[in-house]
Amino acid sequence: MILQDPKRIAVIGGMNMDIGGRAAGTLQMRDSNPGVVSLRPGGVGRNIAQNLRLLGAEVSLVSAVGDDAFGRELQASCEALGLDLSMTLRRPRERSSTYLYVTDDGGDMLLAVSDMDIVDRITPEALAPLLDRLNGFDAVVLDANLSQAALNFLSEKLTVPLYADPVSTAKAEKLLPILPRLRALKPNALEARHLTGEKEALRCAHALLNRGVKRVLLSLGAEGMLAAEGERVLRLPRQKITVVNTTGAGDAATAAMVWADLQGLDLETTARFSQTAGALTCQCLEANSPALSELPEQFGIRSSEFGMDP
């Protein structure tokens, strides 16, 4: 039995109010479809922060919110989870970030619109006063919703281990200049191809390692996961689950990768831990699965934070 070493992690990135629509049957484009509409706090940065908190880390979220109803609700939801928001920017008279998405009746996303202009307020000038605090954490996680200027600034000024989430193929390329600074990265197949120009998964992983990333976990959808570090490469088959909703699964996998890596777990255990976190989230209607809090114990890792003795 391994005793968890609680880590202090800062996550810098987007925090959205997610408005989701799930069709009750086959989606008919250009028409009104019966289904279910939900309103929940989300965003890649916030989701990663919440998942890290569920796993037992002490987490600070650096994001930006407006002084509106969504912004106040987002802040309240984070504080209820025990997330520290003392470094989050409050922007009066600006819209808080909103993410609108539609899934099919199987939970797979079909389209989305993101209104995230406020994230651009996380500038190098706004981050500069936070550097001393950020360098006191065990790690910092970045999401590619940040501007290129902010990502470059943080990669140059931070000395702690850095992790990143590509977010999407459109935003992943912003990580190219900072790849040599990343301790680990978990792209999906499309993001990895976009980052490397390669088509085959193994070549993508090797290309990312050659560009300086120390550990790569590559999500391959129905084909499972490919994990690579140094000269070692392994493939994990897809876990057999019933998918309810894929939203947030990648964020959970990234959070689990960061947590496991900081605990010093080897490549295979980290990959299995990350893949399981994503699978648990796919089985949950929400973007964050409460079941993640039980995941460390399933892997033989206990923490006094959850009232468990080693």
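The structure under discussion appears in the preceding block.
Figured I'd write up the structure that's included with this text.

Analysis parameters
Residues numbered from 1 in each chain as written. Predicted model: local features only at pLDDT ≥ 70, side-chain atom pairs only at ≥ 80, totals over all residues. Heavy atoms only, no water. 1 Å grid on protein atoms, 1.4 Å probe; cavity = no way out; pocket = protein on both sides within 12 Å on 5 of 7 lines; lining within 4 Å. Points joined across faces, edges and corners; volume = space filled by probe spheres on them. Helix = DSSP H or I, 4+ residues; strand = E, 2+ residues; numbered from the N terminus. Nonpolar A, V, L, I, M, F, W, Y, C, P; charged D, E, K, R; others polar. Axes fitted to C-alpha atoms, helices over the stretch in contact; angles between N-to-C directions. Parallel < 35°, antiparallel > 145°, perpendicular 65-115°, else oblique. Left-handed = near helix turned anticlockwise from the far one by under 90°. Contact = heavy atoms within 4.5 Å. Pairing = 2+ DSSP bridges.

## What to know about the layout of surface pockets
The space that makes up the second largest pocket amounts to roughly 180 Å³. As for the second largest pocket, its lining consists of 11 residues, and the residues nearest its centre are Arg22, Val36, Ser38, Arg40 and Leu285. Elements that contribute at least two residues to the lining of the second largest pocket include exactly β3 (16-23), β4 (35-42) and β8 (98-103). A total of 4 residues in the lining of the second largest pocket trace back to one element, the largest contributor, which is β4. Here the residues of the lining of the second largest pocket sort into 4 nonpolar, 5 polar and 2 charged.

## A short note on the packing of helix α1 (residues 44-54) against helix α9 (residues 249-262)
It is the contact of α1 with α9, at a shortest axis distance of 8 Å, that shows an interaxial angle of 50 degrees. It follows that α1 is oblique to α9 by the angle criterion. You can see that α1 and α9 cross each other, and the crossing is right-handed. Between α1 and α9, the contacting residues are Val44, Asn47, Ile48, Asn51 and Leu52 on the first element and Asp251, Ala252, Thr254, Ala255, Val258 and Trp259 on the second. For the contact of α1 with α9, the per-class residue count stands at 7 nonpolar, 3 polar and 1 charged.

## Description of the environment of Met116
Locating Met116 in the fold gives a position in the loop between β9 (109-115) and α3 (124-127). The spatial distance from the C-alpha of Met116 to the C-alpha of Thr103 is 20 Å, given a sequence separation of 13 residues. Leaving out residues up to four positions away in the same chain, Met116 has contacts with Gly14, Asn16, Ser97, Asn145 and Lys171.

## A few points about the sheet that holds β3
Read from one edge of the open sheet, 4 strands run β4-β3-β8-β9, paired in mixed fashion. The open sheet has two edge strands, β4 and β9, and neither has a second partner. Going from strand to strand, the sheet's axes swing by 15 degrees on average, the running direction of each strand aside.

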